[in-house]
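# Secondary and tertiary structure notes
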Amino acid sequence: MPLRLRFSGQLDLADPSAGGSVVTRIDVEVVFEGAPVDERPPLVARGQVALLQANLVGPDLWEALDGEDDELKGLARAYFDDDGQLREPYDASGSDDLLHLVRLQVEDAWRGRRMEQGIVRRLADTFGAGCALVTLTPSSPVDRARWEEMGFAPSAAGAPFMQLELDGDVPQVLLDESAATFVLLREEDDDDLDGDDDLDR
């Protein structure tokens, strides 16, 4: 299935600092490139992620976030201490960076296929490489259950956020091209990949 993830954003050439930005926002969209060549590829989903590079500024994190919106500031308060380091128990990886899902909207025709989980997994493996966490804010109890299925857990700080620890034991999210659907593959399923019953659709 020719699903393509496209992205755009801006990055300061200067090193991140308290006087600059430690947050890089990346706009993403997913298109289906199976349409005829003379047609615009149908949109599958669009969204935005924010890469927070706290590793580069340490205790200057709070000053560097002055110009950011309330969501990013609230996220930082939930996960970082006064020294700009990740709080326990999220500090085990040695990284203080995180990738936050700001928004993600899947088109109606593509819902019910775990597109959200597939997209976030791909973003985590690329833009989130080297991060300790991927975070997001669930919009409803149903949304929360969807992300829990993928390995996200509620914030220990009691904030409205959820996080996925990238060095933890989390399911793989694989594209079943024949069904145009993403499936979850857990570690216990590795011994029997031939049976579809082992894959959560």
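Look above for the structure.
Everything numeric in this text was worked out from a predicted model, so none of it was measured.

A few words now on the overall build of the protein chain. What the protein chain contains, in helices and strands, is 4 helices and 9 strands. Along its sequence from the N terminus, the protein chain presents helices and strands in the succession β-β-β-α-α-β-α-β-α-β-β-β-β. Counting every position in the protein chain, which comprises 201 residues, the buried fraction comes to 41%. Taking as baseline every contact in the protein chain between residues at least 6 positions apart, the subset at least 24 positions apart corresponds to 61%. Of the accessible surface of the protein chain, which amounts to about 10700 Å², a share of 45% is contributed by carbon and sulfur atoms.

Moving on, we come to the pairing of strand β5 (residues 133–136). Of the two faces of β5, the one holding Leu-133 and Thr-135 and the one holding Val-134 and Leu-136 are both buried throughout. Relative to β5, strand β4 (residues 98–106) runs parallel, the two being bridged by 3 bridges. Its bridge partner being in β5, Leu-98 is matched across the sheet by Leu-133. Each parallel crossover has a hand, and the one from β4 via helix α3 (residues 115–126) to β5 is right-handed. With 4 bridges joining them, β5 and strand β7 (residues 162–165) adopt antiparallel strand pairing. Bridge assignment links Thr-135 to a residue of β7, and that residue is Gln-163.

Another point: empty space enclosed by the protein. Over the atoms rolls a probe the size of a water molecule, and its path tells where empty space is left. Taken as a whole and assessed by the stated rule, the structure comprises 1 cavity of 30 Å³ or more. Of all the secondary structure elements, the ones that give two or more residues to the lining of the largest cavity are β4 and α3. Among the elements that take part in the lining of the largest cavity, β4 stands out by supplying 3 residues, more than any other.

This paragraph deals with the sheet that holds strand β3 (residues 43–52). Sheet architecture is open: 7 strands sit in the order β1-β2-β3-β4-β5-β7-β6, paired in mixed fashion. Two strands bound the open sheet, and with one partner strand each, they are β1 (3–9) and β6 (153–154). Sheet topology places β6 next to β7; 2 bridges connect them, and they run antiparallel. Bridged to Ala-153 within β7 is Gln-163.

One pass over the full model with this rule turns up 5 aromatic pairs. Measuring from ring centre to ring centre gives 5.3 Å for Tyr-79 and Tyr-90, while their planes differ by 55°; the resulting arrangement is tilted. Highlighted residues: Tyr-79 in helix α2 (residues 70–79) and Tyr-90 in the loop between α2 and β4, separated in sequence by 11 residues. Both residues of the pair, Tyr-79 and Tyr-90, count as buried. Arranged with centres 5.4 Å apart and planes meeting at 70°, the rings of Trp-147 and Phe-152 form a pair that is edge-to-face. Exposure remark for Trp-147: the relative accessible area of 3% places this residue in the buried category. The exposure class of Phe-152 is buried, given its relative accessible area of 3%.

Estimated volume of the largest pocket: approximately 410 Å³. Considering the residues around the largest pocket, the lining is formed by 21 residues, among which Leu-104, Glu-116, Asp-143, Arg-146 and Trp-147 are closest to the centre. Elements represented by at least two residues in the lining of the largest pocket include exactly β4, α3 and α4 (141–150). Take the lining of the largest pocket: its biggest share by element is 6 residues, from β4. Broken down by class, the residue content of the lining of the largest pocket amounts to 6 nonpolar, 6 polar and 9 charged. Lining the second largest pocket are 13 residues; nearest its centre among them are Leu-5, Gly-118, Ile-119, Arg-122 and Phe-182.

Conventions used here
- Residues numbered from 1 in each chain as written.
- Predicted model: local features only at pLDDT ≥ 70, side-chain atom pairs only at ≥ 80, totals over all residues.
- Heavy atoms only, no water.
- Helix = DSSP H or I, 4+ residues; strand = E, 2+ residues; numbered from the N terminus.
- Buried < 20%, exposed > 50% of the residue type's maximum accessible area, 1.4 Å probe, protein only.
- Contact = heavy atoms within 4.5 Å.
- Areas by Shrake-Rupley, 256 points an atom, 1.4 Å probe, with all protein chains shown as cover.
- Pairing = 2+ DSSP bridges.
- Right-handed = clockwise from strand over helix to strand, strands pointing away.
- 1 Å grid on protein atoms, 1.4 Å probe; cavity = no way out; pocket = protein on both sides within 12 Å on 5 of 7 lines; lining within 4 Å.
- Points joined across faces, edges and corners; volume = space filled by probe spheres on them.
- Phe/Tyr/Trp six-rings, centres within 6.5 Å; stacked < 30°, edge-to-face > 60°.
- Nonpolar A, V, L, I, M, F, W, Y, C, P; charged D, E, K, R; others polar.

Geometric values such as these leave the question of function open.
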